[in-house]
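The lines below spell out each chain.
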Amino acid sequence: MKFEWKGVMPAITTKFTEKDTLDMPMFLKNIEAQIEAGVSGIVLGGSLGEASTLTREEKKVLIRETLGAADGKIPVVMTIAEQTTATAIDVARESQEAGANGLMVLPPMRYKSTDLETVTYFKDIASQTDLPIMIYNNPVDYKIEVTVKMFQELMEMENIGAVKESTRDIINIGRLRNQFGNDLKILTGVDPLALESLLAGADGWVAGLVCAFPRETVAIYELAKAGRAQEALEIYRWFLPLLELDISPQLVQNIKLAEVATGIGTEYVRKPRLPLQGNERQRVLKVIDDSLKTRPELPDYKNLTTMA
């Protein structure tokens, strides 16, 4: 499938049963809600998808089932988050064979690689697959920054064409755009900075709270891109307390609680994660409950006209 790196792409959660197996009925219910809301793609197996706990066979199942649900309407992107180059290449090949339409690739996990090592890692993976690749740039969580200079080298690879921009530095969007124009697609990866990033020129949004609130997320994107920033801002301000649940070590538990509240998920996480407990659980539930009480009515965001 040929596709563009743009729009809202949910970093989808992986649904588990009480017995710690894949909960495919609930997973597919969520995927269907995302597609109905108008997302532009699905990203599987990221940190929000509890990638480090998934077996390679489970990842293949998720790709296959998501492709079936998408039915060619939107692309399915698999995340590569591995400790060694050889394993990353194997997973990339397996993902392509399973039918994935693209890859989101993280830097080497559990090792703070040098700039040269990081660039070489990405290039080695890109050279072994035909799939389009989005680089995940998140120095806050992964302690490795992919700089503009590094992207100059990476863009030598024909299939590297996008970045999930999660530096939390809005200025970086301008730096990348000034250097690469539209050759490098930029997708914001920080929920509470999403609207600012879109208005600064980001092409899309790899989102987290979209897993529980798909329509609101897509509405913000569509309004922003239609030049209706004030309308987007009104929804965004309502959304902000929820969006901040994405920038937490417990983002998986937070977002799964929100999915339960909107009826498109379960709370089960895979150990070593545990469900939220005590005061923190009550705090997160209050954020969700308060937001649901004031959930806004949305415009017909699928049929917007651009403001003059």
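Located above this text is the structure these notes cover.
The structure displayed is predicted, hence computed values, not measured ones. (Residues numbered from 1 in each chain as written. Predicted model: local features only at pLDDT ≥ 70, side-chain atom pairs only at ≥ 80, totals over all residues. Heavy atoms only, no water.)

**Focus: the pairing of strand E4 (residues 102–105)**
Argument step 1. Going residue by residue along E4, you find Gly102 and Met104 tucked away on one face and Leu103 and Val105 tucked away on the opposite face as well.
Argument step 2. In this structure, strand E3 (residues 76–80) lies alongside E4, joined through four bridges in parallel fashion. Its bridge partner being in E4, Thr79 is matched across the sheet by Met104.
Argument step 3. One crossover worth recording links E3 to the parallel E4 by way of helix H3 (residues 85–98), and it is right-handed.
Argument step 4. In this structure, E4 lies alongside strand E5 (residues 133–137), joined through three bridges in parallel fashion. Paired with Val105 across the bridge in E5 is Ile135. (Buried < 20%, exposed > 50% of the residue type's maximum accessible area, 1.4 Å probe, protein only. Helix = DSSP H or I, 4+ residues; strand = E, 2+ residues; numbered from the N terminus. Pairing = 2+ DSSP bridges. Right-handed = clockwise from strand over helix to strand, strands pointing away.)

**A look at the packing of helix H11 (residues 251–262) against helix H12 (residues 278–293)**
Argument step 1. Between H11 and H12, the shortest axis-to-axis distance is 10 Å and the interhelical angle comes to 40°. Judged by the angle between their axes, H11 and H12 are oblique. Judged by the twist between their axes, the crossing of H11 over H12 is right-handed. For the pair H11 and H12, contact is made by Asn254, Leu257, Ala258, Ala261 and Thr262 and by Arg281, Val284, Leu285, Ile288 and Leu292, respectively.
Argument step 2. In the contact of H11 with H12, the residues fall into seven nonpolar, two polar and one charged. (Axes fitted to C-alpha atoms, helices over the stretch in contact; angles between N-to-C directions. Parallel < 35°, antiparallel > 145°, perpendicular 65-115°, else oblique. Left-handed = near helix turned anticlockwise from the far one by under 90°. Contact = heavy atoms within 4.5 Å. Nonpolar A, V, L, I, M, F, W, Y, C, P; charged D, E, K, R; others polar.)

**Thoughts on the layout of surface pockets**
Argument step 1. Taken as a whole, the largest pocket holds about 930 Å³ of empty space.
Argument step 2. Lining of the largest pocket is provided by 40 residues; of these, Ser47, Leu106, Met109, Tyr142 and Arg273 occupy positions nearest its centre.
Argument step 3. The set of elements that each furnish at least two residues to the lining of the largest pocket consists of helix H2 (56–70), helix H5 (139–142) and strand E8 (204–207).
Argument step 4. Of the residues assigned to the lining of the largest pocket, the class counts are 19 nonpolar, ten polar and eleven charged.
Argument step 5. In this structure, the second largest pocket is lined by Thr17, Glu18, Asp20, Glu267, Tyr268, Val269, Arg270, Lys271, Arg273, Leu274 and Pro275.
Argument step 6. Split by residue class, the lining of the second largest pocket holds four nonpolar, one polar and six charged. (1 Å grid on protein atoms, 1.4 Å probe; cavity = no way out; pocket = protein on both sides within 12 Å on 5 of 7 lines; lining within 4 Å. Points joined across faces, edges and corners; volume = space filled by probe spheres on them.)

**Some remarks on the sheet that holds E4**
Argument step 1. Pairing is parallel across the open sheet formed by eight strands, whose spatial order is E1-E8-E7-E6-E5-E4-E3-E2. Bordering the open sheet on either side are strand E1 (7–10) and strand E2 (42–44), each of which pairs with just one other strand. Strand-to-strand, the axes of this sheet are offset by a mean angle of 25°, without reference to chain direction.
Argument step 2. With respect to the sheet, helix H4 (residues 115–126) is in contact with E4, E5 and strand E6 (160–165), its orientation differing from that of E4 by roughly 165°.

**Observations regarding the environment of Gln250**
Argument step 1. Following the sequence through the fold, Gln250 ends up in the loop between helix H10 (229–243) and H11.
Argument step 2. Once the C-alpha coordinates of Gln250 and Arg273 are considered, the two residues, 23 residues apart in sequence, prove to be 8.5 Å apart.

**Quick notes on the pattern of salt bridges**
Argument step 1. Counted under the stated rule, the structure contains 17 salt bridges.
Argument step 2. Note that Glu36 and Lys302 form a salt bridge whose closest N and O atoms lie 3.8 Å from each other. Residue Glu36 is found in helix H1 (residues 24–37), and its partner Lys302 is found in the segment after H12; the two are separated by 266 residues along the sequence.
Argument step 3. Exposure remark for Glu36: the relative accessible area of 48% places this residue in the partly exposed category.
Argument step 4. A relative accessible area of 47% places Lys302 in the partly exposed class. (Salt bridge = Lys/Arg side-chain N within 4 Å of Asp/Glu carboxyl O.)

**Here's the deal with the packing of aromatic side chains**
Each aromatic ring pair is specified by the distance between its two centres and by the angle formed by the two planes.
Argument step 1. What the rule picks out here adds up to six aromatic pairs.
Argument step 2. With a centroid separation of 5.8 Å and 70° between ring planes, the pair formed by Phe213 and Phe239 is classed as edge-to-face. One end of the pair, Phe213, is in the loop between E8 and helix H9 (214–225); the other, Phe239, is in helix H10, and 26 residues separate them in sequence.
Argument step 3. Grouping aromatic residues by their ring pairs yields a cluster made of Phe213, Trp238 and Phe239. (Phe/Tyr/Trp six-rings, centres within 6.5 Å; stacked < 30°, edge-to-face > 60°.)

**Describing the nonpolar core**
Argument step 1. Counting residues in hydrophobic clusters, the biggest one holds 101 residues, and the most contacted among them are Leu44, Phe151 and Leu242.
Argument step 2. In contact with Leu242, not counting residues within four places along its chain, are Leu209, Phe213, Val287, Ile288 and Ser291. (Core = buried A, V, L, I, M, F, W, Y, C linked by side-chain atoms within 4.5 Å.)

**Quick word on unusual backbone geometry**
Argument step 1. Of the consecutive residues Lys271 and Pro272, the connecting peptide bond is found in the cis state with omega at 20°.
Argument step 2. If you check the backbone angles, Lys143 has positive phi at about 65° while not being a glycine.
Argument step 3. Of note, the phi angle at Arg168 is positive, near 70°, even though the residue is not glycine.
Argument step 4. Mapped onto the elements, Arg168 comes out in the loop between E6 and helix H7 (171–180).

**Brief notes about the side chain of Ser166**
Argument step 1. In this fold, Ser166 is placed in the loop between E6 and H7.
Argument step 2. The contacts of Ser166, once residues within four sequence positions are left out, are Tyr136, Asn137, Asn138, Pro139, Val140, Gly189 and Val190.

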